[in-house]
Amino acid sequence: MTYADFCQFCGSFIQHILEMRIVRNDGMDDRYSILIRFDDQSSTDNFYKHFSGRRFSSLETDVCRVLFTVDVQYTGLIEHAQNSSASSTEQPYCPVCLERLDQDMSGILTTICNHSFHCSCISKWTDSSCPVCRYCQQQPEKSTCSICGTSDNLWICVICGFVGCGRYKEGHAIRHWKDTQHCYSLELETQRVWDYVGDNYVHRLIQSKTDGKLVELNIPCCHADDSCGGCGYREDSEISEALYNSKVEAIVNEYNDLLMTQLENQRIYFESLLLEVKEETEKEISEAIKKAENFRLQKMQAKLDKCLKEKKFLDDISENLLKNQEMWKAKILEIEEREKKALSLNAQKIQELEEQLRDLMLQIEAENTVEQLPNSKEIKDGSVLPFTNSIIIKK
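Residues numbered from 1 in each chain as written. Predicted model: local features only at pLDDT ≥ 70, side-chain atom pairs only at ≥ 80, totals over all residues. Heavy atoms only, no water.

1. With respect to the nonpolar core
- Ranked by size, the top nonpolar core spans 23 residues in total, and within it Cys10, Met20, Phe47, Phe51, Leu109 and Ile122 carry the most contacts.
- Elements that contribute at least two residues to this core include exactly helix H1 (3-9), strand E1 (17-24), helix H2 (41-51), strand E3 (108-110) and helix H3 (119-122).
- In contact with Ile122, not counting residues within four places along its chain, are Tyr3, Ala4, Cys7, Leu109, Phe117 and Pro131.
- Of all hydrophobic cores here, the second largest spans ten residues; its members include Trp155, Val193, Tyr196 and Val202. (Core = buried A, V, L, I, M, F, W, Y, C linked by side-chain atoms within 4.5 Å. Buried < 20%, exposed > 50% of the residue type's maximum accessible area, 1.4 Å probe, protein only. Helix = DSSP H or I, 4+ residues; strand = E, 2+ residues; numbered from the N terminus. Contact = heavy atoms within 4.5 Å.)

Here's what the structure looks like:
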């Protein structure tokens, strides 16, 4: 968390905070304690109830641990200015707003580097460094080998930034050179660049860790009497300085040329990698297109087979229906003939019945006629025979 993050974290109690001081925990990296002094006891209790055990953010598992402090003792390494009751004592100023750091008016935050600011001023500073001295509370992480994880004898590739251990450890740096042909590697401890192709250092200038300036590497003199001065002739100071400057310029130019050559080789190397990737991508795309076409053809073939199967099924059904139609036609003709025969037989039966009915009616009329005759008693015991258009009476 930066200073602004913590001020935002406890922003609801800023108006009750008189002073805050950040203290680094001994033996723990990136762990800090913050001493907070409130205006009264109730604000302190409310702060404890609100923030004790609360998570700093939803993305972290760490929680805020709040403890009450009875006494704070400052060592001689920290300058602690006691509040003076005399009004003549001049208060320090905030480096941001240039206003006086009056504790009675607003809260004051003191950083690890012993610089004090208003909480409202430091809350606008989003960087983790101090606005005055640029001291960063987040210490740089310790470099380790990218493969084995060791932190001793490390070399970093000046081309791609790969960090590997030296040949006297596991030799991952020289193995990286053999795999990628990145021949320049910087030793992190001495800040010197090594050339794996020439098997030597490429220059005798290194960057000083104290002030960041380029200084000459201490190399034993090539003459027994040390007359060359380690790459410079010492008889004449002006000539020695000129030679030194010319050598430095020549070394810088040589280093730049070597670096440009290496970068050009790397450009060619990465372009070849890009070309290979492009060819592989095009090959994969063509294979994917072929697979898609094959899949589409298989899908269409499956649909065609299904349609042919359905067509065959429908053809079978149609053929069966045609057979059934012929069969039913024959049955219908048979039924029609049977009905015709039945009708003709019925008509014959009706005709016979009509003839019988006519004969019966004639007989009944004859009997009625006989009964009406005068001598009906005489022919009573006779019989009436039907005859065409006449009646025969037998005695």
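Now, onward.
2. Some thoughts on the packing of aromatic side chains
- Enumeration according to the criterion identifies seven aromatic pairs in this entry.
- When the ring of Phe13 is compared with that of Phe51, the centres are 5.7 Å apart and the planes differ by 65°; the resulting orientation is edge-to-face. Taken together, the residues span a long stretch of sequence, with Phe13 in the loop between H1 and E1 and Phe51 in helix H2 at a distance of 38 residues.
- Judged by its relative accessible area of 0%, Phe51 is buried. (Phe/Tyr/Trp six-rings, centres within 6.5 Å; stacked < 30°, edge-to-face > 60°.)

3. Structural notes on a negative patch on the surface
- On the surface, Glu276, Glu279, Glu280, Glu282, Glu284 and Glu287 cluster together to form a negatively charged patch.
- Positionally, Glu287 belongs in helix H5 (residues 237-372).
- Accessibility expressed as a relative area gives 36% for Glu287, which makes it partly exposed. (Patch = residues over 30% accessible without salt bridge, like charges linked within 9 Å, V, L, I, M, F, W, Y side chains within 5 Å. Areas by Shrake-Rupley, 256 points an atom, 1.4 Å probe, with all protein chains shown as cover. Salt bridge = Lys/Arg side-chain N within 4 Å of Asp/Glu carboxyl O. Lys, Arg positive; Asp, Glu negative; His and termini not counted. Charge placed at Lys NZ, Arg CZ, Asp CG, Glu CD.)

4. Brief notes about the sheet that holds strand E7 (residues 184-187)
- One open sheet accounts for five strands, arranged E6-E5-E7-E8-E9; its pairing is antiparallel. Looking at which strands have only one partner, the edges of the open sheet turn out to be strand E6 (163-165) and strand E9 (200-201).
- Of the strand pairs in this sheet, E7 and strand E8 (residues 193-195) are connected by three bridges, and their pairing is antiparallel. Bridge assignment links Tyr184 to a residue of E8, and that residue is Asp195. (Pairing = 2+ DSSP bridges.)

5. Remarks on the pairing of E7
- What you see with E7 is no split at all: Tyr184 and Leu186 on one side and Ser185 and Glu187 on the other are buried throughout.
- As paired elements, strand E5 (residues 154-157) and E7 share three bridges and run antiparallel to each other. When the bridges of E7 are listed, Trp155 appears paired with Glu187.
- Where E7 folds back on E8, the antiparallel hairpin that results is connected by five residues, among which Gln191 adopts a positive phi of roughly 60°.

6. Overview of unusual backbone geometry
- Here the phi dihedral of Asn153 falls at roughly 55°; this positive angle occurs in a residue that is not glycine.
- For Asn153, the location among the structural elements is in the loop between H3 and E5.
- Residue Asn153 is classed as partly exposed on the basis of its relative accessible area of 26%.
- In this structure, Gln181 is a non-glycine residue whose phi angle is positive, near 65°.
- Locating Gln181 in the fold gives a position in the loop between helix H4 (172-180) and E7.

7. With respect to the side chain of Glu187
- Relative to the helices and strands, Glu187 is located in strand E7.
- Residue Glu187 is classed as buried on the basis of its relative accessible area, which comes to 9%.
- Here Glu187 is in contact with Asn153, Leu154, Trp155, Arg192 and Tyr201, once residues within four sequence places are set aside.

8. A look at the confidence of the model for the protein chain
- For the protein chain, per-residue confidence averages 76 on the pLDDT scale, and 74% of positions sit at 70 or higher.
- Scored below 50 in pLDDT, residues 79-89 shows seven contacts in the model against residues more than four places distant or in partner chains. (pLDDT = per-residue confidence, 0-100.)

9. Examining the pairing of E1
- In terms of residue burial, E1 counts as a mostly covered element, since six of its eight residues are buried.
- When E1 meets strand E2 (residues 32-38), the two strands line up antiparallel, connected through seven bridges. Among the inter-strand pairings, Arg24 is bridged to a residue of E2, identified as Tyr32.
- Sheet topology note: the E1/E3 ladder contains three bridges and is parallel. Following the sheet pairing, Met20 is matched in E3 by Leu109.

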